Amino acid sequence: MEASKHFNLAEHLQKRRKEERKYANDLLWENIEAGLWNALGRVSQHKLTDAEKVEFQIDHCFPILAQFFIVSGHAIQFIEDDNVREVLQFGASRRIGSIRIAVERIITTAPPNRKKRLSLEEREGVSDSILLLYVHMLGVLDAFAIALFRAQKTKVNVSERSVDLLKKSFRKEIGISEIDELIEKNDSWLMRIKENLRNRYVHRIPPYVPDGRFTPDEMIKFSSLEKEKFDLIEAGDFGGAERLRAEQDAIGVFEPVLSFSEDKSYMLLHPTILDDTFRFVCLVFDLLEITLPLFSARRSPE
């Protein structure tokens with residue numbers, strides 16, 4: 001018998017391994033898809049109260065974000081074109097990971113049932129996490145715009161530095177109707193993210209989590225302790241000042257809102273963060289399903 005016809009166990013096992021890894025990846029992707037749309041349908045039910053929606057999103061939607069980070073990163077690493085893969089791996093996937101960490105930090109530090117006021121360090125941590133969330137959301141879309149430009153640069157009459165998936169002129173240049181329809185469908189939400197949140201963090205006075213909510217009597221006591229605290233600091237009694245600060249921390253309750261200094265408005269913290277994050281995951285999932293087949297041949301898992 002010719003040597004070429006001999007059964008090669010090593011090749012057979014390698015082929016089986018590739019097939020099983022592909023099957024596992026496809027199954028995980030399908031599970032994420034089913035989880036997204038099932039969760040979206042449940043959250044959209046009008047009979048759920050706002051508190052129930054927040055609880056459901058924390059219990060079901062946030063785990064989907066963690067899974068999506070793994071699945072999207074796995075899919076991106078098999079794009080054949082090095083330049084496209086690089087910008088999605090380090091420009092999109094890395095930001096999705098940061099978003100996951102930011103949302104986890106917000107929910108862990110300031111859960112919906114929290115009553116105690118946030119400490120200064122906690123407020124700064126939550127505020128910084130919200131900043132990362134909204135800046136990175138549009139950063140992920142920028143990475144997709146650059147990837148599309150690199151994949152079709154011979155057809156696109158713009159420079160890489162000027163690409164923007166939110167601009168209709170750029171979407172017209174790349175000529176992919178599914179992407180244009182997807183962005184148009186989410187246009188009002190994307191404009192709110194860009195103008196009301198991302199641009200305020202980047203270009204104007206950033207939104208913030210307030211110190212807390214106080215009754216009139218609590219505010220009087222808090223202000224009195226504040227004056228005493230600074231008197232002790234001036235006298236060099238830092239231990240006494242720290243004790244007064246601890247006493248201040250026990251006054252008032254946590255106010256779960258995101259405040260805007262410029263127009264004295266606010267947004268409810270948990271519904272805003274969770275709704276925006278979940279909608280972002282749905283949008284990026286759709287983007288991946290549209291764009292992955294366009295980014296050249298995908299490498300097989302080894």
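A quick note: this is a predicted structure, and the numbers were derived from the prediction, not measured. (Residues numbered from 1 in each chain as written. Predicted model: local features only at pLDDT ≥ 70, side-chain atom pairs only at ≥ 80, totals over all residues. Heavy atoms only, no water.)

## A closer look at the pattern of salt bridges
Summed over all chains, the structure comprises 17 salt bridges. The salt bridge involving Glu 86 is made with Arg 150; its shortest N-O contact spans 3.7 Å. Taken together, the residues span a long stretch of sequence, with Glu 86 in helix H3 (residues 82–109) and Arg 150 in helix H4 (residues 120–151) at a distance of 64 residues. Its salt-bridge partner being Arg 213, residue Glu 255 comes within 2.4 Å of it at the nearest N-O pair. With Glu 255 in the loop between helix H9 (238–249) and strand S1 (257–260) and Arg 213 in the loop between helix H7 (187–203) and helix H8 (216–234), the pair connects residues that are 42 residues apart, well separated along the chain. (Salt bridge = Lys/Arg side-chain N within 4 Å of Asp/Glu carboxyl O. Helix = DSSP H or I, 4+ residues; strand = E, 2+ residues; numbered from the N terminus.)

## Here's the deal with the environment of Asp 211
Positionally, Asp 211 belongs in the loop between H7 and H8. Through-space distance from the C-alpha of Asp 211 to that of Ser 119 is 8.2 Å; in sequence the pair is 92 residues apart. A polar atom in the side chain of Asp 211 sits 3.0 Å from the side chain of Arg 117. At 3.4 Å, the side chain of Asp 211 and the side chain of Arg 123 are in polar contact. (Polar contact = N/O pair within 3.5 Å; in protein donor to acceptor, adjacent residues only side chain to side chain.)

## Quick look at the confidence of the model for the protein
Looking at the protein as a whole, the pLDDT averages 79, with 77% of positions reaching at least 70. Here residues 297–302 is modelled with pLDDT under 50, and outside its nearest four sequence neighbours on either side it reaches 20 contacts, counting other chains as well. (pLDDT = per-residue confidence, 0-100. Contact = heavy atoms within 4.5 Å.)

## Things to note about helix H10 (residues 269–291)
Helical geometry note: an α-helix holds 3.6 residues per turn, so side chains three or four residues apart project in the same direction. The terminal C-alpha atoms of H10 lie 33 Å apart, and with 23 residues this matches the ideal 33 Å at 1.5 Å per residue to within 8%. Burial within H10 is extensive, with 19 of its 23 residues counted as buried. (Expected span 1.5 Å × (residues − 1). Buried < 20%, exposed > 50% of the residue type's maximum accessible area, 1.4 Å probe, protein only.)

## Some points on the packing of aromatic side chains
Scanning the model with the defined rule gives one aromatic pair in all. Seen in terms of ring centroids, Phe 214 and Phe 222 are 5.2 Å apart; in terms of plane orientation they differ by 50°. Their pairing is tilted. Accessibility expressed as a relative area gives 18% for Phe 214, which makes it buried. Looking at Phe 222, the relative accessible area reads 14%, which means it is buried. When the ring centre of Phe 230 is taken as reference, the NZ or CZ atom of Lys 229 above it lies at 5.8 Å. (Phe/Tyr/Trp six-rings, centres within 6.5 Å; stacked < 30°, edge-to-face > 60°. Lys NZ or Arg CZ within 6 Å of the ring centre and 35° of its normal.)

## Concerning H9
Taking 1.5 Å as the rise per residue, H9 with 12 residues should run 16 Å; its terminal C-alpha atoms sit 16 Å apart, in good agreement. Turning to H9, the residues buried within the fold contact H8.

## Comments concerning the side chain of Asn 186
With respect to the secondary-structure elements, Asn 186 resides in the loop between helix H6 (177–185) and H7. Filtering out sequence-adjacent residues up to four positions away, Asn 186 remains in contact with Arg 279 and Leu 283.

## Observations regarding the environment of Gly 175
As for its position among the elements, Gly 175 is in the loop between helix H5 (168–174) and H6. Taking the C-alpha atoms as reference, Gly 175 lies 9.4 Å from Lys 155; in sequence the two are 20 residues apart.

## As for the pairing of S1
Side chains Val 257 and Ser 259 project from S1 onto one buried face, and the interleaved Leu 258 and Phe 260 project onto a second face that is buried too. Bridge count for S1 against strand S2 (residues 265–268) is four bridges, and the pairing is antiparallel. Bridged to Val 257 within S2 is Leu 268. Here S1 folds back onto S2, and the loop between the two strands holds four residues, one of which, Lys 264, carries a positive phi near 60°. (Pairing = 2+ DSSP bridges.)

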